[in-house]
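# Architecture and fold: a report
Residues per chain are reported as follows:
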Amino acid sequence: MALHTIAVAGKGGVGKTTTCGMIVEYLSSQKKGPILVVDADANSNLNEVLGVDVETSLGDIREEMAQAELKGNVIPTGMTKAEYAEFKFNSALIEEDDFDMLVMGRTQGKGCYCYVNGVLKTQIDKYAKNYRYMVMDNEAGLEHVARGTLPHVDTMLLISDCSRRGVQAVARIAEMIGDLELKPGQMGVIINRAPGGVLDDGVKEEIDKHGLTLLGVLPQDEAVYRCDCAGQPSAKLPESNPVKQALHGILKSLKL
């Protein structure tokens, strides 16, 4: 079973995580699993979009281990620090009916993620063979993709709002992808929250200016907005929802 990795990126506030959640929901509804979902954004809330409770994250585990070291607590006898971290990491894997999920989270202390990032990469390398799809929600900086946390990016989806500045932001991300020589199998832009689902000519002009591939347009939608306001999982909106319908069309055109 060949793994297909999907990385979703974009600046904060453009609906990147909501779109990522709906991608996971689509793959699940189409019985495309097994699926591994990775929330690699330090400001983690993909679980809320999916309606998943998170008891612990990798950031929580890193903080717990750091505090234990400060207090002089020792690693269990017979285990190295790396083995103990991997053991703790296993408890961060959330198993749902349709997908499994890992949440990066953030630490409370000043330490960096370098050590636990290494553990994350090791575990993903170990798990990858067990999944058909891996979907990763990234920070705009693409730190985790750049570090090689994913074995390879098959589909890179750049999410922008329907503004010139939004397109300029994803153009910078696309340039970074080129500089890093990541060479995803397919890459393009999805414009989100377009009034009436119609792309403004000025925004289309900006997309063409930067040589970006437009994959499709998602409409501005009251139901998605209300879900966000109420803290309800927008990924579970009915299939008739116009955002879902538009996104499903894009995903089908990408043969996902």
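Heads up: the structure comes first, above all this text.
Residues numbered from 1 in each chain as written. Predicted model: local features only at pLDDT ≥ 70, side-chain atom pairs only at ≥ 80, totals over all residues. Heavy atoms only, no water.

Another point: the overall build of the chain. When you go through the chain residue by residue, the secondary structure sums to 10 helices and eight strands. Within the chain, counting contacts between residues at least 6 apart in sequence, those at least 24 apart form 77% of the total. For the chain, the computed accessible surface area is about 12300 Å², with 48% contributed by carbon and sulfur atoms. (Helix = DSSP H or I, 4+ residues; strand = E, 2+ residues; numbered from the N terminus. Contact = heavy atoms within 4.5 Å. Areas by Shrake-Rupley, 256 points an atom, 1.4 Å probe, with all protein chains shown as cover.)

So, about the packing of aromatic side chains. Throughout the structure, instances matching the rule amount to one aromatic pair. Between Tyr84 and Phe87, the ring centres sit 6.4 Å apart and the planes meet at 25°, which makes this aromatic pair stacked. Taken together, the positions of Tyr84 and Phe87, both in helix 4 (residues 81-90) and three residues apart, correspond to about one turn of that helix. With a relative accessible area of 51%, Phe87 lands in the exposed category. (Phe/Tyr/Trp six-rings, centres within 6.5 Å; stacked < 30°, edge-to-face > 60°. Buried < 20%, exposed > 50% of the residue type's maximum accessible area, 1.4 Å probe, protein only.)

Quick look at the pairing of strand 5 (residues 133-137) now. Within strand 5, five of the five residues are buried, which leaves the element mostly enclosed by the surrounding structure. Where burial is concerned, the two faces of strand 5 agree: the one with Tyr133, Val135 and Asp137 and the one with Met134 and Met136 are both buried. Relative to strand 5, strand 2 (residues 35-39) runs parallel, the two being bridged by five bridges. By the bridge assignment for strand 5, Leu36 is matched with Met134. (Pairing = 2+ DSSP bridges.)

Another point: the nonpolar core. Grouped together as the largest cluster of nonpolar side chains are 41 residues, with contacts concentrated most on Leu158, Ile191 and Leu212. With six residues, the single largest contributor to this core is helix 7 (residues 164-179). The residues touching Ile191, leaving out its near neighbours within four places in the chain, are Ser160, Asp161, Cys162, Val167, Leu199, Val203, Ile207, Leu214, Gly216, Val217 and Leu218. (Core = buried A, V, L, I, M, F, W, Y, C linked by side-chain atoms within 4.5 Å.)

Here we take up helix 4. Those residues of helix 4 that sit buried are Tyr84, Ala85, Lys88 and Phe89. Buried residues in helix 4, looked at end-on, bunch into an arc of 140°, giving them a common side. (Arc of directions from axis to C-beta.)

Sheet architecture is open: eight strands sit in the order 3-4-2-5-1-6-7-8, paired in mixed fashion. A single partner strand is all that each edge strand has here, and the edge strands are strand 3 (94-95) and strand 8 (214-219). Note: strand 2 against strand 4 (residues 100-103), four bridges, orientation parallel. When the sheet's bridge partners are listed, Val38 is paired in strand 4 with Leu102.

Here helix 7 crosses helix 8 (residues 201-209) at 15°, and the two axes come no closer than 9 Å. One finds that helix 7 runs roughly parallel with respect to helix 8. Our pair here, helix 7 against helix 8, has a crossing hand that is right-handed. Side by side, helix 7 and helix 8 meet where Arg164, Val167 and Gln168 of the first sit next to Gly202, Val203, Glu205, Glu206 and Ile207 of the second. Residues belonging to the contact of helix 7 with helix 8 are distributed by class as follows: three nonpolar, two polar and three charged. (Axes fitted to C-alpha atoms, helices over the stretch in contact; angles between N-to-C directions. Parallel < 35°, antiparallel > 145°, perpendicular 65-115°, else oblique. Left-handed = near helix turned anticlockwise from the far one by under 90°. Nonpolar A, V, L, I, M, F, W, Y, C, P; charged D, E, K, R; others polar.)

Moving on: the side chain of Thr19. Relative to the assigned elements, Thr19 resides in helix 1 (residues 16-29). Here Thr19 is in contact with Ile159, Asn192, Leu218 and Leu247, once residues within four sequence places are set aside.

Once that is clear, we can look at the pattern of salt bridges. According to the stated counting rule, one finds seven salt bridges in the structure shown. Among the salt bridges present, the one from Glu206 reaches Arg164, with a minimum N-O distance of 2.5 Å. On the criterion of sequence distance, the pair formed by Glu206 in helix 8 and Arg164 in helix 7 is long-range, its members being 42 residues apart. Asp208 is the partner of Lys204 in a salt bridge, and the nearest nitrogen-oxygen pair spans 3.0 Å. Of this pair, Lys204 and Asp208 both sit in helix 8, four residues apart, which is roughly one turn of that helix. The network of salt bridges with shared partners includes Glu25, Glu239 and Lys244. (Salt bridge = Lys/Arg side-chain N within 4 Å of Asp/Glu carboxyl O.)

These values are about where atoms sit, not about what they do.
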